[in-house]
Each structure stands twice: as structure tokens, then as C-alpha cells.
Amino acid sequence: MSPVVRRVLLGNALSAIGSGLTMPLLIVYLGQVRGLGTAVAGIVVAYVAVVSLILLPVSGTAVDRFGPRPVLLVGLLVEATGVALLTQVDSVPSAFLVATVVSLGGSFVWGPQSALLGRLAGPEHRQRVFGIQFMLLNLGIGIGGIIAAVVVVGLLLSARAELTPTMFSPISESGQWLFLTVLYSYYDRYNSIPPVTV
């Protein structure tokens, strides 16, 4: 496995940790911290998934036209911006607006990540690289969820802290920004990606 593929896999793992830090607690955050109620929070989270699914064909077309790397960079920037905007949610319409930004960015991340790895790995290593990618994705989401739960429970048990809106955003953004940094670190150095061979 080449060093470039390892760096992209490391970025995927860091991004998954960031997702794991936020995804399990998003309903709690929107429902209790922002006071939207559990039902509305559940609908907002489901909305993110549905909108991302609807936008996947657009993402695939963008990857075919511009390549996976630029599409992935834009997707990560948009998704990180959406996650940062979660701290500004104060009503149901703003929750759906921010959820749209998050899902727009997310739909331009997952497909391009796989396309980028597929092109970088080459046909002889592709199966192994995809196996490692999804193993790291599940591991990162699990680790992120555990860390988030420990932090929130620790803060609540300390009797000095309450769940606050700003508690969630910096932690969740860190995984996405780290992935973006890792991806960009080799952008100029490895400017040409080999074409897909079937």
C-alpha cells in the first residue's frame, strides 16, 4: 500500500472519529440542548440521511466531471461549515436549513472518498484498501461515540457543567478539519491520479 493511500485512510479514520463524536448525540443536542424536542430532532436527523441519498447522483456526476479530489475537498468544507452552524440552531427552520448544509456536504464526501481510494490503490490493492477503509470507518465512529459519551457524562456528573450548544461543535469539526488537512497535504505533491482501469 502506497504512502498516499495510507494518508487518505488516516484522514478517513480521523473524519470517522469526528462523525462518531457528533452522530450519536445529535438527537440529544437538538432535542434537549436546543429545545426542539426529541421528535423534531429525529426528523431532522432522518432528513439529513434522505437529502444525502437524493444528492448522491449529483455527487457521482461531479466526480466523473471534476475528479474525486476537488469534489471531496469541497464536500468536506461544506460539511464542516454545516457542523459549525449547528451551534447557531435556535428554531425548527434553522435546524432544517443547517441539516441541508450538512447533508449537502456529506453527499459530496462518501462517494468521492471511495473513488479517490479506488484510483490511488490500483486494481491489485483495491479490495484490501476498501476493506480497511470500512473497518476504519466503523472503528472511528465507535471510538468517537465512546469519547463523546464519556465527555458528556463526565461533564454532567461534575455538577458544574450542563450540555451547552458550543460543547459539540469544536469536537466534531476536528475530525473533518483533520481529514481535510491530511488530504490537502499531498494535493500538490500528488497532483495526478491514475485513471480507473477496469
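Anything mentioned here points back to the structure above.
Rules of the game
- Residues numbered from 1 in each chain as written.
- Predicted model: local features only at pLDDT ≥ 70, side-chain atom pairs only at ≥ 80, totals over all residues.
- Heavy atoms only, no water.
- Core = buried A, V, L, I, M, F, W, Y, C linked by side-chain atoms within 4.5 Å.
- Buried < 20%, exposed > 50% of the residue type's maximum accessible area, 1.4 Å probe, protein only.
- Helix = DSSP H or I, 4+ residues; strand = E, 2+ residues; numbered from the N terminus.
- Contact = heavy atoms within 4.5 Å.
- Axes fitted to C-alpha atoms, helices over the stretch in contact; angles between N-to-C directions.
- Left-handed = near helix turned anticlockwise from the far one by under 90°.
- Parallel < 35°, antiparallel > 145°, perpendicular 65-115°, else oblique.
- Nonpolar A, V, L, I, M, F, W, Y, C, P; charged D, E, K, R; others polar.
- Expected span 1.5 Å × (residues − 1).
- Bend = angle between axes of the 7 residues up to and from the residue.
- Phe/Tyr/Trp six-rings, centres within 6.5 Å; stacked < 30°, edge-to-face > 60°.
- Patch = residues over 30% accessible without salt bridge, like charges linked within 9 Å, V, L, I, M, F, W, Y side chains within 5 Å.
- Areas by Shrake-Rupley, 256 points an atom, 1.4 Å probe, with all protein chains shown as cover.
- Salt bridge = Lys/Arg side-chain N within 4 Å of Asp/Glu carboxyl O.

### Some words on the nonpolar core
Then step 1. Ranked by size, the top nonpolar core spans 15 residues in total, and within it Tyr29, Leu30, Leu86 and Val89 carry the most contacts.
Then step 2. For this core, the elements supplying multiple residues, two or more each, are helix H2 (26-33), helix H3 (38-66) and helix H5 (92-107).
Then step 3. In contact with leucine 30, not counting residues within four places along its chain, are Gly35, Leu36, Gly37, Ala41, Val44 and Val89.

### Concerning the packing of H3 against H5
A packed helix pair is summarised by two numbers, namely the angle formed by the two axes and the spacing between the axes.
Then step 1. The geometry of H3 relative to H5 is characterised by a closest axis approach of 8 Å and an angle of 35 degrees between their N-to-C directions. Seen from above, H3 lies across H5 with right-handed handedness. Between H3 and H5, the contacting residues are Val40, Ile43, Val44, Tyr47, Val48, Val51, Ser52, Leu55, Leu56 and Ser59 on the first element and Val92, Ala95, Phe96, Ala99, Thr100, Val102, Ser103, Leu104 and Ser107 on the second.

### Quick notes on the packing of helix H4 (residues 68-85) against H5
Then step 1. Running from amino to carboxyl end, H4 crosses H5 at an angle of 155 degrees, the nearest separation of the two axes being 7 Å. What the angle tells us is that H4 and H5 run roughly antiparallel. H5 is crossed by H4, and the crossing has left-handed handedness. Residue-level contacts link Gly75, Val78, Glu79, Gly82, Val83 and Leu85 of H4 to Val98, Val101, Val102, Leu104, Gly105 and Gly106 of H5.
Then step 2. Here the contact of H4 with H5 is composed, by residue class, of seven nonpolar, four polar and one charged.

### A closer look at the environment of glycine 35
Then step 1. Relative to the assigned elements, glycine 35 resides in the loop between H2 and H3.
Then step 2. Distance in space between the C-alpha atoms of glycine 35 and serine 91 is 8.5 Å, their sequence separation being 56 residues.

### Quick word on H3
Then step 1. Between its first and last C-alpha atoms H3 spans 40 Å; for 29 residues at 1.5 Å apiece the expected length is 42 Å, and the two agree.
Then step 2. Taken as a whole, H3 carries its principal kink of about 40 degrees at leucine 56; the proline proline 57 stands between one and four residues after it.
Then step 3. In the segment just after H3, glycine 67 is the residue with positive phi, at about 95 degrees.

### A word on the environment of glycine 82
Then step 1. With respect to the helices and strands, the residue glycine 82 is situated in helix H4.
Then step 2. Looking at glycine 82, the relative accessible area reads 0%, which means it is buried.

### Topic: the packing of aromatic side chains
Then step 1. Under the definition given, this model contains one aromatic pair.
Then step 2. Consider the rings of tyrosine 47 and phenylalanine 96, whose centres lie 5.1 Å apart with planes at 80 degrees: the pair is edge-to-face. Separated by 49 residues along the polypeptide, tyrosine 47 in helix H3 and phenylalanine 96 in helix H5 bring together distant segments of the chain.
Then step 3. Accessibility expressed as a relative area gives 23% for phenylalanine 96, which makes it partly exposed.

### Quick look at a nonpolar patch on the surface
Then step 1. Nonpolar side chains collect at one region of the surface, where Met135, Leu139, Ile143, Ile147 and Val151 lie side by side and expose about 390 Å² of accessible area between them.
Then step 2. The residue leucine 139 is located in helix H7 (residues 126-157) in this model.

### Some points on H5
Then step 1. With 16 residues, H5 ought to run about 22 Å at 1.5 Å a step, and its terminal C-alpha atoms sit 22 Å apart, in line with that.
Then step 2. Inspection of H5 places Ser94, Ala95, Val98, Ala99, Val102, Ser103, Gly105, Gly106 and Ser107 among the buried residues, and these make up the whole buried set.
Then step 3. The elements touched by buried residues of H5 are H3, H4 and helix H6 (110-121).

Honestly, that's just the spatial picture; any functional story needs more than this.
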